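Survey of secondary and tertiary structure
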Amino acid sequence: AGGVVLGKSAEKLFSLSGLFAVYKPKGPTSAGVLNLLKERLLAEAGVQTNGNKRNQVLKIGHGGTLDSAAAGVLVVGIGKGTKMLRTMLAGSKKYTAIGLLGKATDTLDATGKVTEEKPYDQITKGDLENVLQKFTGDIMQVPPLYSALKKDGERLSTLMKRGEAVEPKPARPVRVYSLSLQQFQPPLFTLDVECGGGFYVRSLVSDIGKELSTCATMQELTRTKHGPFTLEEHALYEDKWTIDEIARSLEHCTSLLPAEPSHKKLKTEHPGETAVSCE
């Protein structure tokens, strides 16, 4: 009888299709979280994975990398849902970030080496709030050198770690829907940011420091929303990474997404406009 039970849960696993969200903790990479999720599900379904073949076994992908040091919502596509992730990437995202005034690092976050220290005690809450207005709307932003962006097929962060000289990428247009100061306890300040795709909160924190004639680095980052998926309502924590919980979540999350046919129409009529905002 054991075999029949296994067969059932494996069948259920492979029939799962759509988008759901998981909570990514601080520490592992986004890919690492995805691999762990995959291993959990295959183990529960009793599917034998001989070494490397597991990738072909279960189709699963995520909708936008969160840095290792960051936590929060990671949108996951399973089955046919993996094809819907590109539209997710374009949607708006919300973050809560804690910045530290007076220090700059090479990675622009707490994981890097300190490259500069400057006084910050002259900065008031009012100064910080005024500066935020300059970073709202359509702005230009230079992506961080330590990032997943690629040059000649290799991540910039990999090249940097090898000690190779990396030219900064040119500034590119990004969109900030809203930006507000939640807390100011020098040297720490907490921001809520809602932004479009391709935006780096690390660069924002660093740029705010420069604009205030000091420097700043990001201490903590949490993604609280990605497209329609929120951390509070939709993100499954590790103890909920089971076939049944995910099936339930997929059902619940389908209602959040735009109807399929409209997607297809958009794609064929406007191949250039994949950046459909989810707001």
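The structure contained in this document is the topic of the report that follows.

Parameters and conventions
Residues numbered from 1 in each chain as written. Predicted model: local features only at pLDDT ≥ 70, side-chain atom pairs only at ≥ 80, totals over all residues. Heavy atoms only, no water. Helix = DSSP H or I, 4+ residues; strand = E, 2+ residues; numbered from the N terminus. Buried < 20%, exposed > 50% of the residue type's maximum accessible area, 1.4 Å probe, protein only. Contact = heavy atoms within 4.5 Å. Areas by Shrake-Rupley, 256 points an atom, 1.4 Å probe, with all protein chains shown as cover. Expected span 1.5 Å × (residues − 1). Arc of directions from axis to C-beta. Pairing = 2+ DSSP bridges. Core = buried A, V, L, I, M, F, W, Y, C linked by side-chain atoms within 4.5 Å.

Across its full length, the protein chain holds 10 helices and 14 strands. Burial statistics for the protein chain: of 279 residues in total, 42% are counted as buried. Considering only intrachain contacts with a sequence separation of at least 6, the fraction spanning at least 24 residues in the protein chain is 71%. Carbon and sulfur atoms provide 53% of the accessible area of the protein chain, an area that totals close to 14700 Å².

The subject of this paragraph is helix 2 (residues 30–45). Relative to the 22 Å expected for 16 residues at 1.5 Å per residue, helix 2 spans 23 Å between its end C-alpha atoms, a close match to the ideal helical length. By the burial criterion, the buried members of helix 2 are Ser30, Val33, Leu34, Leu37, Lys38, Leu41, Leu42 and Ala45. For helix 2, the buried positions fall inside an angular range of 160° around the axis, keeping them on one side. Following helix 2 by one or two positions, Gly46 has its phi on the positive side, about 70°.

Bringing the pairing of strand 12 (residues 216–226) into the picture now. Pairing analysis gives 2 bridges linking strand 3 (residues 71–78) to strand 12, with the strands arranged parallel. Looking at the pairing, Gly72 lines up with Arg223 of strand 12. With 9 bridges connecting them, strand 4 (residues 93–101) and strand 12 associate as antiparallel partners. Bridge pairing in strand 12 places Thr96 opposite Thr222.

Once that is clear, we can look at the nonpolar core. Proteins that are soluble and globular tend to have nonpolar side chains buried together. One finds Phe189, Leu191, Val193, Phe199, Val201 and Ile208 to be the most contacted residues of the largest nonpolar core, which totals 29 residues. Residue contributions to this core peak at 5 residues, all from strand 10 (residues 172–185). Excluding its chain neighbours within four sequence positions, the residues that come into contact with Phe189 are Ala97, Ile98, Gly99, Leu100, Leu101, Leu128, Leu181, Gln183, Phe184, Val205 and Ala216. Membership of the second largest hydrophobic core comes to 22 residues, among which are Leu13, Leu42, Ile60 and Val76.

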